[in-house]
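If you want the building blocks of each chain, they are given just below.
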Amino acid sequence: MNRKAFASAADFAYTKLRRDIMDGRLLPGHRMREQELSEDLSMSRTPIREALSRLQADGLLAIQGRSGLAVAELDDAGVVELYETREALEGTAAHLAALHANPRDIAVLEAELAAEAAIAADPVQQQRQNRAFHAAILAASHNRFLARSLLALHDALALLGPTTLSVDGRRTKAQQEHRRVFEAIVARDPKTAEAEMRAHVRAGAAIRQELRRIRGGSSI
């Protein structure tokens, strides 16, 4: 990131830390110590404090007892609620995309699928590309109110921890699921597009449940 491209040190710190959270470099529970961040980003603590306040307002940071601010963590109920909401909203987006996508939208989706197939075996890059495909479907839905709801939801997805795409075989299956959603959109079949997207989200939720069971001794 080019620091000179930002209007202020606080803007740069906010964008940098937000990206690190979204990319999974700062995991849920990670403590956000002002002094360490100030040293890492080579700036005073004042812009760091402003950036942390903005991230807290976004819901990406939370107070954790005496430890202070940390990357927010979702409890089991929160994960269930998140995936239930995501399934409903993403399914609706796919449904609307099948009804309203224009030729440019279709071309963008096809390009995102091609990029997804060619991307390196890097979880961060894979996660970014996955978000790009889902964002393209949202854009193709041409619904501003749905877009606002899903953009907020996508922020919360960063609080789930490492991407499920890192699980053996999930990347290939996710690409196949994306392709089926795309084909339904191209075919102007909203019911199938929604059903395929809902199945895609449920598949991710099942893997997330297993990851939480293995790593945390709990299930969602």
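Since we're looking at a predicted model, the values are computed, not measured.

Chemist: Summarise the overall build of the protein chain; cite the residues concerned and give the values.
Modeler: Looking only at helices and strands, the protein chain has nine helices and two strands in total. Beginning at the N terminus, the succession of helices and strands in the protein chain can be written as α-α-α-β-β-α-α-α-α-α-α. Taken over C-alpha atoms, the radius of gyration comes to 18 Å for the protein chain, in line with the 17 Å a tight globule of 220 residues would show. The principal-axis extents of the C-alpha atoms in the protein chain amount to approximately 55 × 45 × 35 Å. In the protein chain, which comprises 220 residues, the proportion classed as buried is 43%.

Chemist: Now, about the packing of helix H5 (residues 103–118) against helix H6 (residues 123–141): what can you tell me, with residues and values included?
Modeler: In the contact formed by H5 and H6, the axes pass within 9 Å of each other and the chain directions differ by 170 degrees. Put simply, H5 runs roughly antiparallel to H6. Two secondary-structure elements touch here, H5 through Asp105, Val108, Leu109, Glu112, Leu113, Ala115 and Glu116 and H6 through Gln129, Ala132, Phe133, Ala136, Ile137 and Ala140. Looking at the contact of H5 with H6 residue by residue, the classes come out as nine nonpolar, one polar and three charged.

Chemist: Mind laying out the side chain of histidine 200, listing which residues take part and the relevant values?
Modeler: With respect to the element layout, histidine 200 can be found in helix H9 (residues 190–216). Look past the residues within four positions of histidine 200 in its chain and what remains in contact with it is His134, Arg170, Ala174, Glu177 and His178.

Chemist: Requested: an account of the packing of helix H1 (residues 9–22) against helix H3 (residues 45–57), with residues and values cited.
Modeler: At a closest axis distance of 8 Å, the pairing of H1 and H3 adopts a crossing angle of 50 degrees. Between H1 and H3, the crossing angle belongs to the class labelled oblique. Crossing hand, H1 versus H3: right-handed. Judged by residue contacts, Ala9, Ala10, Asp11, Ala13, Tyr14, Leu17 and Arg18 of H1 engage Pro47, Ile48, Glu50, Ala51, Leu52, Arg54 and Leu55 from H3. The residue makeup of the contact of H1 with H3, split by class, is 10 nonpolar, no polar and four charged.

Chemist: Describe the packing of aromatic side chains, naming the residues involved and giving the relevant values.
Modeler: Pairs of aromatic rings are described using the distance from one ring centre to the other and the angle between the two planes. This structure, assessed with the given rule, holds one aromatic pair. Both rings, one in phenylalanine 6 and one in phenylalanine 12, keep their centres 5.5 Å apart while their planes meet at 75 degrees; by these two values the pair is edge-to-face. Residue phenylalanine 6 is classed as partly exposed on the basis of its relative accessible area of 24%. Here the guanidinium or amino end of arginine 54 rests over the ring plane of tyrosine 14, the centre of that ring lying 4.0 Å away.

Chemist: Provide a residue-level description of the pattern of salt bridges, including the pertinent values.
Modeler: A full pass over the atoms with the stated rule returns 16 salt bridges. Where arginine 128 meets aspartate 23, a salt bridge forms, and the shortest distance between an N and an O atom there is 2.4 Å. Here the residue arginine 128 occupies a position in helix H6, and aspartate 23 occupies one in the loop between H1 and helix H2 (34–41), the gap between them amounting to 105 residues. A salt bridge links arginine 198 to glutamate 194; its shortest N-O distance comes to 3.1 Å. In this pair, arginine 198 and glutamate 194 both sit in helix H9, four residues apart, roughly one turn of the helix. When salt bridges that share partners are traced, they join Lys16, Asp20, Asp23, Arg25, Arg128 and Arg131 into one network.

Chemist: Describe the environment of arginine 104, and please don't skip the residues or the numbers.
Modeler: Here arginine 104 is to be found in helix H5. Expressed as a C-alpha distance, the spacing of arginine 104 and alanine 140, which sit 36 residues apart in the sequence, is 8.9 Å.

Chemist: Please give an account of the confidence of the model for the protein chain that cites residues and values.
Modeler: With 97% of its residues at a pLDDT of at least 70, the protein chain reaches an overall mean of 90. Per-element confidence in the protein chain is highest for H5, whose mean pLDDT is 96, and lowest for helix H7 (residues 144–157), whose mean pLDDT is 86.

Chemist: Could you give me a rundown of unusual backbone geometry, with the residues and numbers involved?
Modeler: Positive phi values are uncommon outside glycine, yet serine 42 reaches one of about 55 degrees. By secondary structure assignment, the location of serine 42 is in the loop between H2 and H3. Owing to a relative accessible area of 58%, serine 42 belongs among the exposed residues under this scheme. In this structure, arginine 188 is a non-glycine residue whose phi angle is positive, near 60 degrees. Within the fold, arginine 188 resides in the loop between helix H8 (170–186) and H9. Residue arginine 188 is classed as partly exposed on the basis of its relative accessible area, which comes to 42%.

Thresholds, definitions, all that
Here the residue numbering is sequential within each chain, running from 1 through the sequence in written order. The predicted nature of this model means local features are confined to residues of pLDDT at least 70 and side-chain atom pairs, given and counted, to a pLDDT of 80 or more, with totals for whole chains, interfaces and linings taken over all residues. Water and hydrogen atoms play no part in the side-chain values, which are based on all heavy atoms of the structure. The numbering of helices and of strands both runs from the N terminus, where a helix is a DSSP run of H or I of at least 4 residues and a strand a run of E of at least 2. For the radius of gyration, the atom set is restricted to C-alpha positions; the globular benchmark scales as 2.2 Å times the number of residues to the power 0.38. For every residue, the accessible area (1.4 Å probe, protein chains only) is compared with the maximum for its type, and the residue is labelled buried under 20%, exposed over 50%, or partly exposed between those bounds. All axes are obtained by fitting lines to C-alpha atoms, using only the stretch in contact for helices, and the reported angles, taken between N-to-C directions, cover 0 to 180 degrees. Any angle that is under 35 degrees is reported as roughly parallel, and any over 145 degrees as roughly antiparallel; angles of 65 to 115 degrees are reported as roughly perpendicular and all others as oblique. By definition in these notes, contact holds between two residues if any of their heavy atoms fall within 4.5 Å. Only Asp, Glu, Lys and Arg are considered charged, only Ala, Val, Leu, Ile, Met, Phe, Trp, Tyr, Cys and Pro nonpolar, and every remaining residue, Gly among them, polar. If you view the pair so one helix is near and one far, a crossing is left-handed when the near helix is turned anticlockwise from the far one by less than a right angle, and right-handed when it is turned clockwise. Stacked, tilted and edge-to-face are the three classes assigned to paired rings of Phe, Tyr and Trp, where Trp is represented by its six-membered ring and a pair needs centres within 6.5 Å; plane angles under 30 degrees give stacked, over 60 edge-to-face, the rest tilted. The criterion for a charge sitting over a ring is simple: Lys NZ or Arg CZ within 6 Å of the ring centre, and within 35 degrees of the ring normal. Whenever a carboxyl oxygen of Asp or Glu lies within 4 Å of a side-chain nitrogen of Lys or Arg, that contact is scored as a salt bridge. pLDDT runs from 0 to 100 and stands for how confident the predictor is about each residue.

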